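# Analysis of the macromolecular model
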Amino acid sequence: MREVKETAAWRQNGFLALLALLLALLWLGWAGYRLLTEKELFYLWHLIPALLASGLLAAGLFTVQPNEAVAIVFLGRYVGSVREEGFHFTNPLAQRKRVSLRVHNFTSDKLKVNDAQGNPIEIAAVVVWRVVDTAKALFQVENYQSFVAIQSEAAIRALASRHPYDAEGRSLRGSPEEVAEELKAELEARLQVAGVEVLEARLTHLAYAPEVAQAMLRRQQALAVVAARKLIVEAATNMVKEALSGLEAQGIALDEERRAAMVNNLMVALVSETQAQPVVNVGTLYT
């Protein structure tokens with residue numbers, strides 16, 4: 001495929017061409033009036049060129065709105081684009097194709113894909129984009145708007161398959177900014193061939209698929225309980241160490257059996273979910 005890049009097209013001030021068109025119309029009216037009144041063939045030679053000049057001048061006039069471009073194609077060859085807003089005149093025999101340079105939003109449908117761990121999830125995203133190269137947008141892809149939509153959905157699917165829904169480190173749920181930057185970079189690489197710039201790409205919907213949502217919720221709750229228990233046990237272990245170190249610093253020596261009993265009692269009191277009930281031992285551990 002031959003690469004096509006945007007270039008500036010030849011154009012002239014449209015108001016000058018409009019003035020020439022008015023003169024051509026006056027010429028046409030004079031020739032037509034003389035031909036009808038005097039019936040002389042001489043005025044026919046004025047009428048034909050005046051008619052051609054009027055038609056060509058009128059056909060070459062066009063306008064460009066703000067944030068719009070007009071691509072010029074002459075005899076099947078791209079000859080350039082006009083980006084300057086206003087009233088212009090160009091080759092009247094050329095075909096003109098308008099391209100919007102305004103910012104567009106594309107919101108994908110909710111896509112059902114498997115994440116990196118194989119869990120089915122639903123994901124959707126919004127892509128903010130605009131055309132920066134009119135030649136690529138028109139002549140390197142069949143339909144640049146459809147191309148953006150299809151490639152955006154493909155990039156979203158690829159992104160979801162590379163990351164887990166929720167896990168330690170980078171994940172779709174836990175790293176929204178990093179995921180958005182990665183999605184934008186992948187879209188820019190995919191849409192560069194169409195002359196499209198991606199301004200922003202961000203996830204708008206992320207959830208487990210309905211058939212596994214309840215199971216995954218219970219799994220998340222279990223992981224949260226395990227993490228909380230681990231934190232409580234670590235904190236309790238440090239507190240017991242500090243208590244034993246404090247007793248030793250006060251000169252209170254404990255043998256191995258009393259030390260084990262002390263550790264057991266402190267760990268039960270600190271880790272237990274219910275309020276610990278003290279037990280007063282009036283006897284001895286030894287016989």
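Residues numbered from 1 in each chain as written. Predicted model: local features only at pLDDT ≥ 70, side-chain atom pairs only at ≥ 80, totals over all residues. Heavy atoms only, no water.

Under the annotation held in an unreviewed UniProt entry, the chain carries the name Band 7 domain-containing protein and is attributed to Thermus scotoductus.

### What to know about the overall build of the chain
As a reminder, the rule being used: Under the DSSP-based scheme used, a helix requires at least four consecutive residues in state H or I and a strand at least two consecutive residues in state E, with every element numbered from the N terminus. Buried, partly exposed and exposed residues are distinguished by accessible area as a fraction of the type maximum, computed with a 1.4 Å probe on protein chains only: under 20%, between the cut-offs, and over 50%, respectively. Contacts are residue-level and defined by heavy atoms, with any inter-residue pair within 4.5 Å sufficient. Computed by Shrake-Rupley with a 1.4 Å probe, the accessible areas treat only the displayed protein chains as cover when residues are assessed.
When its secondary structure is counted, the chain shows seven helices and ten strands. Within the chain, buried positions represent 32% of all 287 residues. Partitioning the contacts of the chain with sequence separation of at least 6, the portion at a separation of at least 24 is 68%. For the chain, the accessible surface area stands at approximately 17800 Å², while carbon and sulfur atoms represent 58% of it.

### What to know about helix H5 (residues 176-191)
Under the convention used in this document: Here the expected span of a helix is defined as 1.5 Å times the quantity of residues minus one. Summarising the geometry, the arc corresponds to the directions from the helix axis toward the C-beta atoms.
In a regular helix each residue adds 1.5 Å, so 16 residues correspond to 22 Å; H5 covers 22 Å between its end C-alpha atoms and thus fits that length. Considered for burial, the residues of H5 that qualify are Val-179, Ala-180, Glu-182, Leu-183, Glu-186, Leu-187 and Leu-191. When H5 is viewed along its axis, its buried side chains cluster within an angular range of 165° and face the same direction. Along H5, the residues that are exposed and aim more than 90 degrees away from the buried face are Glu-181 and Ala-189. If you follow the buried residues of H5, they end up packed against strand S9 (120-131), helix H4 (144-162) and strand S10 (196-208).

### Some thoughts on the sheet that holds strand S4 (residues 77-82)
Operational definition: Strands were regarded as paired on the criterion that DSSP finds at least two bridges between them. Axis definition: a line fitted to C-alpha atoms, over the contacting stretch in the case of helices. Angles run 0 to 180 degrees between N-to-C directions.
A sheet is described by the order of its strands in space; here three strands give the open sequence S4-S3-S6, paired in antiparallel fashion. Only two strands of the sheet have a single partner each, and these edge strands are S4 and strand S6 (95-100). With direction set aside, neighbouring strand axes in the sheet form an average angle of 25°. One ladder, built from five bridges, connects strand S3 (residues 68-74) with S4; its direction is antiparallel. Residue pairing for S4: Val-73 is matched across the bridge by Tyr-78.

### Brief notes about the environment of Ala-167
You can see Ala-167 is positioned in the loop between H4 and H5. For Ala-167, a relative accessible area of 30% translates into the label partly exposed. Taking the C-alpha atoms as reference points, Ala-167 and Gln-117, separated by 50 residues in sequence, lie 9.7 Å from one another.

### A short note on the pattern of salt bridges
Selection rule: For this analysis, a salt bridge means a side-chain nitrogen from Lys or Arg found within 4 Å of a carboxyl oxygen belonging to Asp or Glu.
The full count for this structure, using the stated rule, is twelve salt bridges. Asp-166 is paired through a salt bridge with Arg-173; the nearest N and O atoms lie 2.9 Å apart.

### Structural notes on the sheet that holds strand S1 (residues 12-13)
Judged by pairing direction, the sheet is antiparallel, and its three strands sit side by side in the order S1-S5-S2 without closing on themselves. Unpaired on one side and paired on the other, S1 and strand S2 (61-64) mark the two borders of the sheet. Bridge analysis of S2 against strand S5 (residues 86-89) gives four bridges, and the strand direction is antiparallel. Within the sheet, the bridge partner assigned to Val-64 lies in S5 and is Gly-86.

### Here's the deal with the packing of aromatic side chains
Counted only if it meets this: The aromatic pairing rule takes the rings of Phe, Tyr and Trp, using the six-membered ring of Trp, and pairs them if the centres are within 6.5 Å, calling planes under 30 degrees apart stacked, those over 60 edge-to-face and the rest tilted.
A complete count under the given rule lists five aromatic pairs for this structure. Ring centres of Trp-10 and Phe-89 lie 6.4 Å apart, and the angle between their planes is 80°; this geometry places the pair in the edge-to-face category. Of this pair, Trp-10 sits in the segment before S1 while Phe-89 sits in strand S5, and the two are 79 residues apart along the sequence. Ring centres of Tyr-78 and Phe-139 lie 5.4 Å apart, and the angle between their planes is 55°; on these two criteria the pair is classed as tilted. Remark: Phe-139 occurs in helix H3 (residues 134-139) and Tyr-78 occurs in strand S4; sequence separation between them is 61 residues.

### Regarding the nonpolar core
Put simply, the test is: The term nonpolar core refers to a set of buried residues drawn from Ala, Val, Leu, Ile, Met, Phe, Trp, Tyr and Cys, joined through side-chain atoms within 4.5 Å.
Formed by 31 residues in total, the largest nonpolar core has its most connected members in Ile-121, Trp-129, Val-131, Tyr-144, Leu-183 and Leu-187. Contributing elements (two or more residues each) for this core: strand S8 (111-114), S9, H4, H5 and S10.

### A few points about the side chain of Asp-133
This is how it is decided: Think of it this way: Lys and Arg go in the positive column, Asp and Glu in the negative one, and His and the chain ends go nowhere. N or O atoms within 3.5 Å of each other form a polar contact, as long as, within protein, one can give a hydrogen and the other can take it, and as long as residues adjacent in sequence are counted only when both atoms are side-chain atoms.
Within the secondary structure, Asp-133 is located in the loop between S9 and H3. One buried charged residue, Asp-133, remains without a salt bridge, the closest side chain of opposite sign being Lys-136 at 4.8 Å. At 3.3 Å, the side chain of Asp-133 and the backbone nitrogen of Glu-6 are in polar contact. Of note is the side chain of Asp-133, whose polar atom sits 3.1 Å from the backbone nitrogen of Ala-135.

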